[in-house]
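# Summary of structural features
Okay, here's what each chain looks like letter by letter:
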Amino acid sequence: MKRYWAVAVCVTAIGGLAGCERAESPTATVSTPDAAERTATVPEVTADAALPTQAPAAPAQPAADGAPAFAVLYPGGSVDDEAIAATGPSGPGGLVTYLTDADPETVIAFHRARAEAAGLASVMAMNQGEARAYGAARDQDNLQVVASPTPEGRTSVQLSWSAAG
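What you see is a predicted model; the values in this text were computed from it and never measured. (Residues numbered from 1 in each chain as written. Predicted model: local features only at pLDDT ≥ 70, side-chain atom pairs only at ≥ 80, totals over all residues. Heavy atoms only, no water.)

### Some remarks on the overall build of the chain
Note the following rule: Helix numbers and strand numbers start at the N terminus; a helix is a DSSP run of H or I with at least 4 residues, a strand a run of E with at least 2. Each residue is placed in one exposure class: buried if its accessible area under a 1.4 Å probe, protein chains only, is under 20% of its type's maximum, exposed if it is over 50%, and partly exposed if it falls in between. When checking whether two residues touch, look at their non-hydrogen atoms; a contact exists if any pair is within 4.5 Å. All accessible areas in this document rest on Shrake-Rupley with a 1.4 Å probe, and a residue is counted as covered only by the protein chains that are shown.
Across its full length, the chain holds two helices and nine strands. The helix and strand sequence of the chain, counted from the amino end, reads α-β-β-β-β-β-α-β-β-β-β. Buried positions account for 28% of the 165 residues belonging to the chain. When contacts within the chain are restricted to residue pairs at least 6 apart in sequence, long-range pairs at least 24 apart make up 45% of them. Total accessible area computed for the chain in this model is approximately 10900 Å², and 55% of it derives from carbon and sulfur atoms.

This is the structure we're talking about:
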């Protein structure tokens, strides 16, 4: 008798969920060695999302020698260590980490505005706690930015890019 009620409840719940309308959303699958595959909905990034209202005081500097116009440091940012540069099938690219006094949301908005001004389209955005991430691409050009607060009250930024040249 208990099984009958358990099956009835499961069938009702599944049937109720099947009747719900759901909008199509892009998904991303992440696979890690220690965890099973996970699928997450990627939020849509629209062009009219809020951008910082104040422009940074200092001009942005390139993330590394030869970096494309969309791969720059937030103005006033200080590089942790020399940028790592590489050339792959999609062209030259690199990775740099830096610190800034701006909050993570402002840093991401700055990089998003630079990427879109260079013709890249927003393809990914993520908020987890106080950390923020953003990704943009066009053909074989791409940009990824992760910004998270440090215990000292600054923001640590990891910026990676590739450009077809």
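### Things to note about the side chain of Thr100
Under the convention used in this document: What qualifies as a polar contact is a pair of N or O atoms within 3.5 Å, subject to a donor-acceptor requirement within protein and to the restriction that residues adjacent in sequence count only when both atoms come from side chains.
Note on placement: Thr100 falls in strand 5 (residues 91-100). Among the polar contacts made by the side chain of Thr100, one reaches the main-chain amide nitrogen of Ala102 at a distance of 3.3 Å. Sequence-distant contacts of Thr100, defined by excluding residues within four places in its chain, comprise Tyr74, Pro75, Gly77, Val107, Arg154, Thr155 and Val157.

### Examining the pattern of salt bridges
Our working definition: The term salt bridge refers to a side-chain nitrogen of Lys or Arg lying within 4 Å of a carboxyl oxygen of Asp or Glu.
For the structure on display, the rule yields four salt bridges. Residue Asp101 is joined to Arg154 by a salt bridge in which the shortest nitrogen-to-oxygen separation is 2.8 Å. Of this pair, Asp101 sits in the loop between strand 5 and helix 2 (104-117) while Arg154 sits in the loop between strand 8 (141-149) and strand 9 (155-162); the two residues are 53 residues apart in sequence, bridging distant segments of the chain. Its salt-bridge partner being Arg138, residue Asp141 comes within 2.6 Å of it at the nearest N-O pair. Using a relative accessible area of 10% as the deciding quantity, one classes Asp141 as buried.

Function cannot be read off these values alone, since they describe shape.
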